[in-house]
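Results of the structural survey
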Amino acid sequence: MTTTSSPTSGVQLLEVAPELAGQRIDNFLITALKGVPRTLVYRILRKGEVRVNKGRIKPEYKLQAGDIVRVPPLRLPERDAPVPVAQGLLQRLEAAIVHEDKGLIILNKPAGIAVHGGSGLSFGVIEAFRQLRPDAKELELVHRLDRDTSGLLMIAKKRSMLRHLHEALRGDGVDKRYMALVRGHWATAKKQVNAPLLKSNLRSGERMVEVNPEGKEALTVFKVLRRFGDFATMVEARPITGRTHQIRVHALHAGHSIAGDPKYGDEDFSREVRELGGKRLFLHAYALSVTLPDGSRLDVQAPVDEMWAATVEKLVNA
């Protein structure tokens, strides 16, 4: 009997560039060790096999410029055999591009598609675009959208663009606006939710977020766009901070959960919206304004999908 084994890398010593200072060690390794499964990255961190400046560190360690990261030998997957993405999905994502230049792709991500593989998914948007743009060797997600959230998603084609946009996201160089259909009558006076958010993992491994004084500062600015009697309100949400599930949890905290939200929603409200044909999470990143490296401002908008539009039309006529 013959056995085949995956190639094994040797010990790697990686020096942290100044522009990567402040990044968490887990995120740094996921980006630096292309092709290495995220589960393996977390395993070597958990076991203490990664050293920084010859010392052990925790997965949440934040890197300093000039740090020397020692990565142990790793068994790597076959580099030349990525999981092929279905042609239909590739065509759908290609058609979803709303802006592309030499450094940046912005697409109107459909609801239901994850931004990256993992958690039982062999691929997501970023893996698909690496097949769609094989010559762009530095493709990386600039930020994330939840799998069930639709709308504008940025993918950097160059490392320099990624660094620029990460810096812009930390400051005020990026303005993201979402639309959400929420339960009940949202009062016009309720303009912002300022409530700290804490992440926790359930026993099942599912990630949940809750308002908790021990959490990280989080601020979302809301604006009423349209009312559908006392049944529902369409609001614009502008997240000032960028926490996991921020808009969904802040809407719930304000007493107006988002339609179709399986984690934080109101099942009766979601069921009534589903009966109108709205079988999705009603959260859509519809507008994005970003300052590019040359100082110019790029403004893009993304239309909602047919299901969203048809459901809203039925609400109007209800």
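What you see is a predicted model; the values in this text were computed from it and never measured.

Looking at the overall build of the protein chain
A count of helices and strands for the protein chain gives eight helices and 16 strands. Expressed as a percentage of its 318 residues, the buried residues of the protein chain come to 43%. Pairs at least 24 residues apart make up 64% of the contacts formed inside the protein chain by residues separated by at least 6 positions. Roughly 17,100 Å² of accessible area belongs to the protein chain as shown, and the carbon and sulfur atoms make up 49% of that amount. The centroid of the 49 positive side-chain charges in the protein chain is displaced by 4 Å from the centroid of its 37 negative side-chain charges.

Details of the pattern of salt bridges
One pass over the full model with this rule turns up 15 salt bridges. Close ionic contact of Glu-267 with Arg-274 constitutes a salt bridge, the shortest N to O distance being 2.6 Å. Taking relative accessible area as the criterion, Glu-267 reaches 48% and is therefore assigned partly exposed. As a salt-bridge pair, Arg-271 and Asp-268 come within 3.0 Å of each other at their nearest N and O atoms. On the criterion of helical spacing, the pair formed by Arg-271 and Asp-268 is a turn pair, its members being three residues apart in helix H7 (residues 267-275). For Arg-271, a relative accessible area of 35% gives the class partly exposed. Linked through salt bridges whose partners overlap, the residues forming this network are Glu-94, Glu-100, Arg-133 and Lys-157.

Here's the deal with the pairing of strand S13 (residues 219-228)
Inspection of the sheet shows strand S10 (residues 192-194) paired to S13 by three bridges, in the antiparallel sense. Paired with Asn-194 across the strands is Leu-219, a residue of S13. Across eight bridges, S13 lies against strand S14 (residues 232-239) in antiparallel orientation. Residue Thr-220 lies in a different strand from S14, and its bridge partner there is Pro-239.

Things to note about the packing of helix H1 (residues 25-32) against helix H2 (residues 38-46)
Direction vectors running N to C along H1 and H2 enclose 135°, while the axes themselves pass 10 Å from each other. Classified by the angle between their axes, H1 and H2 sit oblique to one another. Crossing of H1 against H2: the hand is right-handed. Counted together, Ile-25, Asp-26, Leu-29 and Ile-30 of H1 and Arg-38, Val-41, Tyr-42 and Leu-45 of H2 form the full contact between these two elements.

Regarding the sheet that holds strand S2 (residues 51-52)
The four strands are arranged S1-S4-S2-S3 in an open sheet whose pairing can be described as antiparallel. Each edge of the open sheet carries a strand with a single partner, namely strand S1 (12-15) and strand S3 (55-56).

Brief notes about H2
The periodicity of an α-helix, 3.6 residues per turn, causes residues three or four places apart in sequence to face the same way. Of all the positions in H2, only Leu-40, Val-41, Ile-44 and Leu-45 are classed as buried. Looking straight down H2, one finds that the buried residues subtend no more than 135° of arc, so they occupy a single side. Every exposed residue of H2 that faces more than 90 degrees away from the buried side is listed here: Thr-39 and Arg-46. If you follow the buried residues of H2, they end up packed against H1 and strand S4 (68-71). Gly-48, located one to two residues past H2, shows a positive phi value of around 75°.

Some words on a positive patch on the surface
Where like charges cluster on the molecular surface, the positive patch consists of Lys-62, Arg-144, Lys-199, Arg-207, Lys-216 and Arg-243. The residue Lys-62 is located in the loop between S3 and S4 in this model.

Points about the packing of helix H3 (residues 87-95) against helix H4 (residues 125-132)
Viewed as axis vectors pointing N to C, H3 and H4 meet at an angle of 90°, and their least axial separation amounts to 10 Å. By the angle between their directions, the pair H3 and H4 is classed as roughly perpendicular. For the pair formed by H3 and H4, the contact residues are Leu-90, Leu-93 and Glu-94 on the first element and Val-125, Ala-128, Phe-129, Gln-131 and Leu-132 on the second. Taken together, the residues that form the contact of H3 with H4 break down as six nonpolar, one polar and one charged.

Considering the packing of aromatic side chains
Taken as a whole, this structure holds three aromatic pairs when the rule is applied. For the pair Trp-186 and Phe-222, a centre-to-centre distance of 4.6 Å together with 40° between the ring planes defines the contact as tilted. With a gap of 36 residues between them, Trp-186 in the loop between strand S9 (174-183) and S10 and Phe-222 in strand S13 connect regions that are remote in the sequence. Each member of the pair Trp-186 and Phe-222 is classed as buried.

A short note on the confidence of the model for the protein chain
The share of residues in the protein chain with pLDDT of 70 or more is 92%, and the mean pLDDT across the chain is 89. In the model, residues 1-6 has pLDDT below 50 throughout and makes six contacts with residues more than four positions away in sequence or in other chains.

Calculation rules
- Note on numbering: residues in each chain are counted from 1, in written sequence order.
- The model is predicted, so local features are restricted to residues of pLDDT at least 70 and side-chain atom pairs to those at 80 or more, both for listing and for counting; the totals for chains, interfaces and linings are taken over all residues.
- Derived side-chain values reflect all non-hydrogen atoms in the structure, with water molecules and hydrogen atoms excluded from consideration.
- Under the DSSP-based scheme used, a helix requires at least four consecutive residues in state H or I and a strand at least two consecutive residues in state E, with every element numbered from the N terminus.
- Here the term buried applies to any residue with accessible area under 20% of the maximum for its type, exposed to any over 50%, and partly exposed to those in between, with areas from a 1.4 Å probe on protein chains only.
- Every residue pair with non-hydrogen atoms within 4.5 Å of one another is taken to be in contact.
- Here the accessible surface of atoms and residues is derived via Shrake-Rupley with a 1.4 Å probe, and residues count as covered only by protein chains that are part of the display.
- A positive count includes Lys and Arg, and a negative count includes Asp and Glu. His and the chain ends are not counted in either.
- To locate a charge, take NZ of a lysine, CZ of an arginine, CG of an aspartate or CD of a glutamate.
- We count a salt bridge whenever a side-chain nitrogen from Lys or Arg sits within 4 Å of a carboxyl oxygen from Asp or Glu.
- Strands were regarded as paired on the criterion that DSSP finds at least two bridges between them.
- Comment: axis = line fitted to C-alpha atoms, over the contacting stretch for helices; angle = value between 0 and 180 degrees taken between N-to-C directions.
- Convention used here: angles under 35 degrees read as roughly parallel, angles over 145 as roughly antiparallel, angles from 65 to 115 as roughly perpendicular, and any remaining angle as oblique.
- With the far helix as reference, a near helix turned anticlockwise by less than a right angle produces a left-handed crossing, and one turned clockwise produces a right-handed crossing.
- As used here, the arc is the angular range of directions from the helix axis to the C-beta atoms.
- The patch calculation keeps residues exceeding 30% relative accessible area without a salt bridge and links them within 9 Å when they carry like charges or within 5 Å when they are nonpolar (Val, Leu, Ile, Met, Phe, Trp, Tyr).
- Each residue is assigned to one of three groups, with Ala, Val, Leu, Ile, Met, Phe, Trp, Tyr, Cys and Pro labelled nonpolar, Asp, Glu, Lys and Arg labelled charged, and all others, Gly among them, labelled polar.
- What counts as a ring pair is set by centres within 6.5 Å for rings of Phe, Tyr and Trp (its six-membered ring), and what kind of pair is set by the plane angle: stacked under 30 degrees, edge-to-face over 60, tilted for all other angles.
- Values of pLDDT, ranging from 0 to 100, describe the predictor's confidence in every residue of the model.

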